[in-house]
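# Notes for the structure review
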Number of protein chains: 2
Amino acid sequence: MTNTAILTIGSELLCGDGLDTNSAWLSRRLEGLGCSVRLHLSCLDAEEDIVAGLATASALASIVIVTGGLGPTVDDLTRAAVARYLGDSLVTDEGELAHIEALFARFSRTMTPNNRSQAERPESARPLRNEVGTAPGFVAEGPNGATIYSLPGVPREVYWMWDHHLAPELRERIGQRPRAERTFRTTGIGESTLAERLAGLEARPELEVRYSAEETLGTVRITLLADEQEVVQAAWLEAREIAGHHLSALGTDRLNEATVATLVAQGLTATTAESCTGGRVAAQLVEIAGASRVLGRGFVTYSNLSKTELVGVPAEVLQAHGAVSEEVARAMARGARAAGKSSLGLGITGIAGPGGGSEAKPVGTVHFAVAYGETEADVLHVLRVLPGTRDVVQIRAAAMGLHLIQRGAAALVSQRDS
Amino acid sequence: MTNTAILTIGSELLCGDGLDTNSAWLSRRLEGLGCSVRLHLSCLDAEEDIVAGLATASALASIVIVTGGLGPTVDDLTRAAVARYLGDSLVTDEGELAHIEALFARFSRTMTPNNRSQAERPESARPLRNEVGTAPGFVAEGPNGATIYSLPGVPREVYWMWDHHLAPELRERIGQRPRAERTFRTTGIGESTLAERLAGLEARPELEVRYSAEETLGTVRITLLADEQEVVQAAWLEAREIAGHHLSALGTDRLNEATVATLVAQGLTATTAESCTGGRVAAQLVEIAGASRVLGRGFVTYSNLSKTELVGVPAEVLQAHGAVSEEVARAMARGARAAGKSSLGLGITGIAGPGGGSEAKPVGTVHFAVAYGETEADVLHVLRVLPGTRDVVQIRAAAMGLHLIQRGAAALVSQRDS
């Protein structure tokens, strides 16, 4: 597999005010060509730092893409640094200079002497025409055989240069078949427990298993990779069995996309009644275009009174079992389903913390229930003690809530089919 | 100035699916201590790559922070790589092992043999206790004098480790006087418009003005920095005037924290009725501990029928003006306030896209209303056409909704006081 590295240059990337979106964008494209991205490196506009970055990148990768530092100011040192790394001098590229002059004329702008410096390139480099900005790129062969592409840093210029230069050149050069791949997500199971159960797959040398705990989604993403489609397919069939009902999304779908898709496919609707998640499940469903086909309304029932008034939880049940209890979650689920006249009703009630916990009901205790029919028997209940701070408990609870809607849909469909 | 470098480890950072938020977060803190951040480097969970990254980082910086790769799976190789770079062997830290065992017991979870490996550290390293996750960190001195901190990769664990270990240790080591600083946030005004209005402040050589568009919060964060407290204070008084009612949070408070704090301070309560934001405003309020004092219930009124049934929007008004209209937003706000018997009612209705737009009401059109009294005159209405994709429109609309609750509270208080 072709190893690649991305160097992004500019002090704005290091002060923490902006995120380096070019690296992520380029990485997706490089992986799409079947390359492996081994390194992202961001450094200051300082010659010494850029040279050190080029050396590290060239040691790990045969293709290095540099973005930024090609502007007209004295801060912009990428041209000089690449030349130094190559042992080249800088020359003015007359073709690019003429092009820059034409661009300035077209936009009726005055060209400053600084802008002339943008036509410079290391002597051994080949220029890469930029039609959407005044900084041309260039490409050169490094001392240890790595190919170094240097591009401007403005995102839309990066995208243009990729489409018009790098993508066609690299596609021809690599001519590699992309690896076979399958991605899925799980909910309600820890990364380490999952990894343990999938250890048999991980042990296979022909298969690569990647895990990514998605903290802000409350899911774990698993990717199976291999050179052969058959290897991935066989591993997927096993992984699907092992993940069982924790499997919550296929492909690159996120949990809310998968949930909406499941309901749409089965012609089902849902109504939510949320206490400790405060509307997060409904909001995640509504994030998906077309959510109106599955969700007409939702309730945020944070106070006890609202649980009674909005979704009909009897005051005696609240009194007898407390707001955070299986009985209340079940009543919320049934009440939400009835209030929304929907196929499914979801109830979530728990203690997100940091206060409010007790020995019997510690912080993180959350009761989930999904009602998929008329009777008390048509309710699925799950109790979890979710670890983490308040926001993490809420994120995880919302993910479990979405997942429980899927499980409720499956129960309803299997009941309908039997 | 102390040079620092940040290494983030994990294949998920390189495949382009996620952005490296840890580097940005840590960079802001390091700059806050008066350090210079010279390098960000992300590499795969591969021993050779991590070792190469450590060498590059240690050449440029005297403090190196590594995040990630401390999990329990075979993918997690940071412990081994740092040990190799230091020329150390790995040892099990008995104190950390006991702590991990206690954490698992507390959450009634089964500890897998994999989790034992999380108690390992390079022999010469000092462990850093992690109270919010199962991966302890460690710190060691590198062969060329750089101090290497190794932290878990989960963002909230990074934040905790920074607050409890790195911040105090580095503050003492660097001993530099931090610069005077004041931070605030604005909502409902673009970054460039704001920058234009604050241009007079930016022009002062003794003052630094930093902007950060917080895409996922729908706010702009502004930080004023100077060596002298007086300079910052004078600039703040002017900036506050210029920002006017767009000012939405002070200090490092996020918009939802500021909104809850405002309501608590004034003894006010709110009820939400959300269409295109689907419960996002309520969920953001409930994110804050103590939200029960300000929010008892909320409505997700996504369908027309639910707007009528839950918050009493007359069917004729929906018919006459359409669901996305000033009239409907106002009726939702008044209906929510009445249904919740609260001081304030919020109504949000709009077109988040990608479909559903028209020439008269393009995608991004959102009507907001906050009711702060009995009569139609006690309703504040705002119309915005928000740019962006569906999720961005929803994020921005939720931010405007939170902000409008603050403006409604201010209107109510000024009415009450007059």
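Residues numbered from 1 in each chain as written. Chains lettered and ligands numbered in written order. Predicted model: local features only at pLDDT ≥ 70, side-chain atom pairs only at ≥ 80, totals over all residues. Heavy atoms only, no water.

On a plain count of helices and strands, chain A comes out with 15 helices and 17 strands. Relative to the compact-globule value of 22 Å for 418 residues, chain A shows a C-alpha radius of gyration of 28 Å, a clear excess of over 25%. Dimensions of chain A along its principal axes, counting C-alpha atoms only, are 85 × 50 × 40 Å. Out of the 418 residues belonging to chain A, those deemed buried represent 56%. Summed over its atoms, the accessible surface of chain A is roughly 16,100 Å², and 51% of this surface lies on carbon and sulfur atoms. Separation between the mean location of the 38 positive side-chain charges and that of the 50 negative ones in chain A comes to 7 Å. (Helix = DSSP H or I, 4+ residues; strand = E, 2+ residues; numbered from the N terminus. Rg over C-alpha atoms; globule rule 2.2 N^0.38 Å. Buried < 20%, exposed > 50% of the residue type's maximum accessible area, 1.4 Å probe, protein only. Areas by Shrake-Rupley, 256 points an atom, 1.4 Å probe, with all protein chains shown as cover. Lys, Arg positive; Asp, Glu negative; His and termini not counted. Charge placed at Lys NZ, Arg CZ, Asp CG, Glu CD.)

The next subject is the environment of I6(B). Within the element layout of this structure, I6(B) appears in strand β1 (residues 3–9). Along the sequence, I6(B) and H40(B) sit 34 residues apart, while their C-alpha atoms lie 4.9 Å from each other.

Looking down a regular strand, the side chains alternate between one sheet face and the other. All names here are of chain B. With 6 of its 7 residues buried, β1 lies for the most part within the structure. Pairing of β1 with strand β2 (residues 36–43) involves 7 bridges; the strand directions are parallel. Residue pairing across strands places N3 opposite S36, the latter belonging to β2. (Pairing = 2+ DSSP bridges.)

An order of β6(A)-β7(A)-β8(A)-β3(A)-β1(A)-β2(A)-β2(B)-β1(B)-β3(B)-β8(B)-β7(B)-β6(B) is seen for the 12 strands of this open sheet, with the pairing classed as mixed. A single partner strand is all that each edge strand has here, and the edge strands are β6 (126–128) of chain A together with β6 (126–128) of chain B. Put simply, the sheet's adjacent strands are angled 15° from each other on average, direction ignored. Pairing between β6(A) and strand β7 (residues 137–141) of chain A: 3 bridges, direction antiparallel. (Axes fitted to C-alpha atoms, helices over the stretch in contact; angles between N-to-C directions.)

Before going further, it helps to examine the pattern of salt bridges. Residue and element names in this part refer to chain A. A full pass over the atoms with the stated rule returns 29 salt bridges over all chains. Measuring nitrogen to oxygen at the nearest pair gives 2.7 Å for the salt bridge that ties E287 to R254. Linking E287 in the loop between α11 (280–286) and β14 (295–301) with R254 in the loop between β12 (247–250) and α10 (255–266), this pair joins segments that are 33 residues apart in sequence. On the accessibility criterion, R254 (28% relative accessible area) is partly exposed. For E376, the salt bridge goes to R330, with nearest N and O atoms at 2.6 Å. Here E376 is found in the loop between β16 (365–371) and β17 (379–385), whereas its partner R330 is found in helix α14 (residues 326–340), with 46 residues between them in sequence. Owing to a relative accessible area of 38%, E376 belongs among the partly exposed residues under this scheme. The class for R330 is buried, based on a relative accessible area of 17%. (Salt bridge = Lys/Arg side-chain N within 4 Å of Asp/Glu carboxyl O.)

If you look at the interface, chain B gives 75 residues, while chain A gives 74 residues. Surface buried jointly by chain B and chain A totals about 5,800 Å² across both partners, of which 55% is contributed by carbon and sulfur atoms. Ranking the residues of chain B by area buried against chain A places R156(B), R297(B) and Y302(B) at the top, with a combined share of 10%. Taken together, the connections running from chain B to chain A amount to 8 salt bridges. Between chain B and chain A we count 30 residue pairs in polar contact (both at pLDDT 80 or more) in total. Top element by residues in the side of chain B that touches chain A is β2(B). It accounts for 8 residues. (Contact = heavy atoms within 4.5 Å. Buried area = accessible area lost by both parts, 1.4 Å probe. Polar contact = N/O pair within 3.5 Å; in protein donor to acceptor, adjacent residues only side chain to side chain.)

Our focus in this paragraph is the confidence of the model for chain A. Considering every residue of chain A, the mean pLDDT works out to 92; 98% of them sit at 70 or more. Scored as a complex, the prediction yields pTM 0.74 and ipTM 0.74. (pLDDT = per-residue confidence, 0-100.)

To continue, consider the packing of aromatic side chains. Residues and elements named next belong to chain B. Scanning the entire structure with this criterion turns up 5 aromatic pairs over all chains. Residues W25 and Y159 carry aromatic rings whose centres are separated by 4.3 Å and whose planes lie at 25° to one another, so their mutual orientation is stacked. Note that W25 is positioned in helix α2 (residues 21–32) and Y159 in helix α7 (residues 155–174), a separation of 134 residues in sequence. Classification of W25 by relative accessible area gives buried; the value is 12%. (Phe/Tyr/Trp six-rings, centres within 6.5 Å; stacked < 30°, edge-to-face > 60°.)

Before going further, it helps to examine the sheet that holds strand β11 (residues 219–226) of chain A. All names here are of chain A. Spatially, β10-β11-β9-β12 is the arrangement adopted by the 4 strands of the open sheet, whose pairing is antiparallel. Among the strands making up the open sheet, the edge pair consists of β10 (208–214) and β12. In this sheet, neighbouring strand axes are inclined to one another by 25° on average, regardless of whether the strands run parallel or antiparallel. The pairing of strand β9 (residues 180–186) with β12 spans 3 bridges and is classified as antiparallel. Bridging from a neighbouring strand, F184 pairs with L250 of β12. Packing against the sheet, helix α9 (residues 229–243) makes contact with β9, β11 and β12, and its axis sits at approximately 10° to β9.

Let's shift gears to unusual backbone geometry. All names here are of chain A. Note that the residue after G353, namely P354, is joined by a cis bond; omega there is 0°. Note that P354 resides in the loop between β15 (344–350) and β16. Although it is not a glycine, K341 sits at a positive phi angle of roughly 45°.

A word on the packing of helix α1 (residues 21–32) of chain A against helix α6 (residues 155–174) of chain A. In helix packing, the relevant descriptors are the interaxial angle and the interaxial distance, both defined with respect to the helix axes. Residue and element names in this part refer to chain A. Running from N to C, α1 and α6 cross one another at 25°; their axes reach a closest spacing of 11 Å. When the axis of α1 is compared with that of α6, the two are roughly parallel. At the point where α1 passes α6, the crossing takes the right-handed sense. Of α6, the residues touching α1 (which contributes T21, N22, W25, L26, R29 and L30) are P155, V158, Y159, W162 and L170. Here the residues of the contact of α1 with α6 are counted per class, giving 8 nonpolar, 2 polar and 1 charged. (Parallel < 35°, antiparallel > 145°, perpendicular 65-115°, else oblique. Left-handed = near helix turned anticlockwise from the far one by under 90°. Nonpolar A, V, L, I, M, F, W, Y, C, P; charged D, E, K, R; others polar.)

Before going further, it helps to spend a moment on the side chain of D49(B). For D49(B), the location among the structural elements is in helix α3 (residues 47–60). When its relative accessible area of 1% is taken as the criterion, D49(B) is described as buried. Apart from the residues lying within four places of it in its own chain, the contact partners of D49(B) are R38(A), L60(A), C43(B) and L44(B).

Residue position: T272(A) is located in strand β13 (residues 270–274). If near-sequence neighbours (up to four positions away) are discounted, T272(A) is found in contact with V281(A), A282(A), L295(A), R297(A), G298(A), F299(A), A336(A) and L346(A).

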